[in-house]
Amino acid sequence: MSNIISIENLVKRFGEKIAVDHFSLHVEEGEILGLLGPNGSGKTTTINCLLSLLQYDKGDIQIFGKPMSPDAYDIKSKIGVVMQNIAIVDTLNVYENVDFFCGLYINDKKTRQQYVEEALEFTGLTEYKKYKPKKLSGGLLRRLNIACGIAHKPKLVLFDEPTVAVDPQSRNAILEGIRKMNREGTTVIYTSHYMEEVEELCSRIVIMDHGKNVANGTAAELKASLKNRETIRIGIPNLSDDIIHQVKEINHVYEAVRDEDNLLIRCDGGEHNLVHILSFLSDSNIPFGHVSTEQPTLNDVFLAITGKELRD
Amino acid sequence: MFGRIFIYKFKALIRSHWLIGWNFLFPLVLATAFSLGFGNLIDDDPISFHTMDVGYVAEEDSTFLTVLETLSKSTDEREAVINLHTYNSEKNAKQALADKEIDGYYLLDSEDIHTTVSENGIVSTTLLQIVKDYKNFQTTIKNIAIDHPENLESAVELMGSDLEIIKQHSFGHSNSPYLQYFYALLTMTSLFGSWISTFTLQGMCANMSERGKRFECAPGHKFKAIAAGALAGILIQSASNAVLVIYIVTVLKIDLGLNLGLILLITTLGSALGITAGTFMGALLKKPVLLVAVPMTYAMLCSFFSGLMVASIKQYVQYYVPFLNKINPGAVMSDSLYIASNYGLTREFYQDITIMIVIIIIHIILSGVILRRRNYASI
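Note that this is a predicted model, so its numbers are computed, not measured.

Focus on the packing of aromatic side chains
Considering all chains together, one arrives at 20 aromatic pairs over all chains under this definition. Here a set of aromatic residues connected by ring pairs shows up, and it is made of A:Phe100, A:Phe101, B:Tyr8 and B:Phe215.

Following this line, the structure appears as structure tokens:
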């Protein structure tokens, strides 16, 4: 696998504020890389620098092995961009919009026609091709936004929050479309606030905070890096401090706290934690009701690393 | 790529409701209002420039008298600007003014030329302009009087026919000064092209819109794309002007005093002026909110000073800040229409056309320099 994107020590300042702070990133061919970060973490600034829309103070950006610059047309011709906000022409219909943006990359009329039809098919917009954008629902508009960004069959596509305000059906269609593109060889950089999407879609995840690359790995690797590997919730009617104290003594339990009539137990790893805890309760003749366990989510990882919820 | 961008920009613009409203319908509404307001006065022509009776009182000989004598002669191109009456004392001139025998008089003493008129208006503006024009030539005239006194009279006559007052006003011609409103309206419509450009540029610059961001991510050459958009804008604006001219001439039945081809040629040049001005503004401005406000203010201000609301404003500007009339695209364009309709294709007409072309070239060069320096979008 070769490096499609190579960012080394990128620094971007806005006056006194450092938006991107010695950020490095490598994206390999065929990856779907999830770029996560709270608002103001430097994701969009990094992407703008990557696309040469923004001049940066320091660092090196290479795409497809060549330095990226505003007039690196050979590189730009292989990149597709799907913006967070809808970037289309209101007065052109669906077909014309896709044809217009595709035409900025593809000169040959026949090839372009074929690509436009395929993009419409891909995004499920064929039956709407004569519609003006104002006649489309939010979900269909998002799909049009995507069609405009990918019609020229780029080798690298940057998706910036493509599923915001999209109905579940359109969201599934979009995610499935991205998977299909990836299967056909397209490398994808994907930013989203939806953890479950990122977890489901991305082969690797990079978490940005304060302009830095603070975590990097697969979803499983990131979760494994957490101290809290399993959370067990048990309903105990006569929960006493003594019971809580005794539970804390069990192997791999690093925290046990009261949550109303429930006992919340956090374990830092190990196997069969639930069996050990339930055995202890039975052996001690402590009555208990419902039992549930939770695996850590990407949001827990995010919270642990950045101290913030992603949707904050 | 140029052709495709041109076609799509043209389609996108022509389907924009705001453009149809402001650039096509609004001028028609204004033209109708002008026609209702003073359409029937155009034939009556009550304030057209006509020969004025002017008194002259001098304590000593002056070349100014030669200038006045030149202006008091009719030529093939115009009627006499003034009927000159000489008086041996200011008292007699004052009496003549009181008796309405003259519209005003000049008094020359050793220090200056003093102008007296019965009331402010066209007469005062014209008489003051004559003095101003004379003063512009005074040094040259004095030099000729010293070096080549034998040529003095012919030189003064030559200068007399070159005075601004002669160029600016149609003495004795049949075209009504009310037509100035329609010329200013055509000017305004042409300059409305400026926000077509800023709108087009908005979709091509990453710091102005998401569409612009997508556009700048594409591998196309930015200048080609902007040129294609500008060409689409000029075509639409020229069509808007053509609709307006045809409406004025055929529906409102107002004779603009020019053949249709020439009007369309001038208004197409005006459209190019508006479009390139908008491109310059779009290159200069960074806040999308200013992309409508600035071109609109520009179009309205230029049109105002070319006589859209008050026809005589151009004469006042000519008197107090004549340079402004030479750099105001609106004044230059309306002036070219006025001169062409009253005098034909004179040197002054070609001068106006040249100024318009120069302004267009300056806009293009400045826009190119600014956009080239802005390699990065600076979002």
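That covers the picture; the talk isn't over yet.
Quick word on the interface of chain A and chain B
Listed as interface residues are 39 residues of chain A and, on the opposing side, 28 residues of chain B. Counting the contacts that link chain A with chain B gives two salt bridges. A salt bridge links B:Arg15 to A:Glu96; the nearest nitrogen and oxygen atoms lie 2.7 Å apart. At the boundary of chain A with chain B, the tally comes to 12 residue pairs in polar contact (both at pLDDT 80 or more). When contributions to the side of chain A that touches chain B are tallied by element, the ones reaching two or more residues are helix 1 (43-50), helix 2 (73-76), strand 6 (79-82), helix 3 (94-103) and helix 5 (138-150) of chain A. At five residues, helix 3 of chain A tops the list of elements feeding residues into the side of chain A that touches chain B. The residue makeup of the side of chain A that touches chain B, split by class, is 20 nonpolar, 13 polar and six charged.

Notes on helix 4 (residues 63-71) of chain B
Taking burial as the measure, the nine residues of helix 4 of chain B include seven buried ones, the bulk of the element. All buried positions along helix 4 of chain B are accounted for by B:Thr63, B:Phe64, B:Thr66, B:Val67, B:Leu68, B:Thr70 and B:Leu71.

Considerations on the pairing of strand 4 (residues 58-63) of chain A
Residues and elements named next belong to chain A. Pairing of strand 1 (residues 3-14) with strand 4 involves five bridges; the strand directions are antiparallel. Note on strand 4: the bridge partner recorded for Val11 is Lys58. Relative to strand 5 (residues 66-67), strand 4 runs antiparallel, the two being bridged by two bridges. Its bridge partner being in strand 5, Ile63 is matched across the sheet by Lys66. Turn length for the strand 4-strand 5 hairpin, with the two strands adjacent in sequence and antiparallel, is two residues, and the turn residue Phe64 shows positive phi of about 50 degrees.

Comments concerning the sheet that holds strand 12 (residues 253-259) of chain A
Residues and elements named next belong to chain A. Strand order in the open sheet formed by four strands is 12-13-11-14, and the pairing between neighbours is antiparallel. Edge positions in the open sheet fall to strand 12 and strand 14 (291-294), since each of these has one partner strand only. In this sheet, neighbouring strand axes are inclined to one another by 20 degrees on average, regardless of whether the strands run parallel or antiparallel. Examined bridge by bridge, strand 12 and strand 13 (residues 262-267) share six bridges and lie antiparallel to one another. Note on strand 13: the bridge partner recorded for Asp259 is Asn262.

Concerning the domain arrangement of chain B
Under the domain assignment, chain B is made up of domain 1 (2-43 + 174-373) and domain 2 (52-168). Each of domain 1 of chain B and domain 2 of chain B has a C-alpha centre, and these two points are 39 Å apart.

Topic: the sheet that holds strand 3 (residues 32-36) of chain A
Residue and element names in this part refer to chain A. In spatial order, the strands read 6-7-8-3-9-10; together these six strands make up an open sheet with mixed pairing. Single-partner strands in this sheet number two, and they are strand 6 and strand 10 (212-217). Between one strand axis and the next, the sheet turns by 15 degrees as a mean value, whatever way the strands run. As paired strands, strand 3 and strand 9 (residues 204-209) are joined by four bridges and run parallel to one another. What sits directly across from Leu36, in strand 9, is Ile207.

What to know about unusual backbone geometry
The phi angle of most residues is negative, glycine excepted, and most peptide bonds adopt the trans form. All names here are of chain A. With phi around 50 degrees, Glu161 is a residue other than glycine that occupies positive phi space. Secondary-structure assignment places Glu161 in the loop between strand 7 (156-160) and helix 6 (168-183). Among the residues examined, Glu161 registers a relative accessible area of 4% and is labelled buried.

Details of the nonpolar core
Residues and elements named next belong to chain A. Counting 133 residues, the largest nonpolar core has Ile63 and Ile79 as the members making the most contacts within it. Those residues within four positions of Ile63 in sequence are excluded, and the remaining contacts are Ile4, Ile5, Leu50, Met68, Ile75, Ile79 and Leu156. Counting 27 residues, the second largest nonpolar core, distinct from the first, contains Ile32, Val82, Val157 and Ile178.

What counts, and at which threshold
- Residues numbered from 1 in each chain as written.
- Chains lettered and ligands numbered in written order.
- Predicted model: local features only at pLDDT ≥ 70, side-chain atom pairs only at ≥ 80, totals over all residues.
- Heavy atoms only, no water.
- Phe/Tyr/Trp six-rings, centres within 6.5 Å; stacked < 30°, edge-to-face > 60°.
- Contact = heavy atoms within 4.5 Å.
- Salt bridge = Lys/Arg side-chain N within 4 Å of Asp/Glu carboxyl O.
- Polar contact = N/O pair within 3.5 Å; in protein donor to acceptor, adjacent residues only side chain to side chain.
- Helix = DSSP H or I, 4+ residues; strand = E, 2+ residues; numbered from the N terminus.
- Nonpolar A, V, L, I, M, F, W, Y, C, P; charged D, E, K, R; others polar.
- Buried < 20%, exposed > 50% of the residue type's maximum accessible area, 1.4 Å probe, protein only.
- Pairing = 2+ DSSP bridges.
- Axes fitted to C-alpha atoms, helices over the stretch in contact; angles between N-to-C directions.
- Domains from an automatic or database assignment.
- Core = buried A, V, L, I, M, F, W, Y, C linked by side-chain atoms within 4.5 Å.

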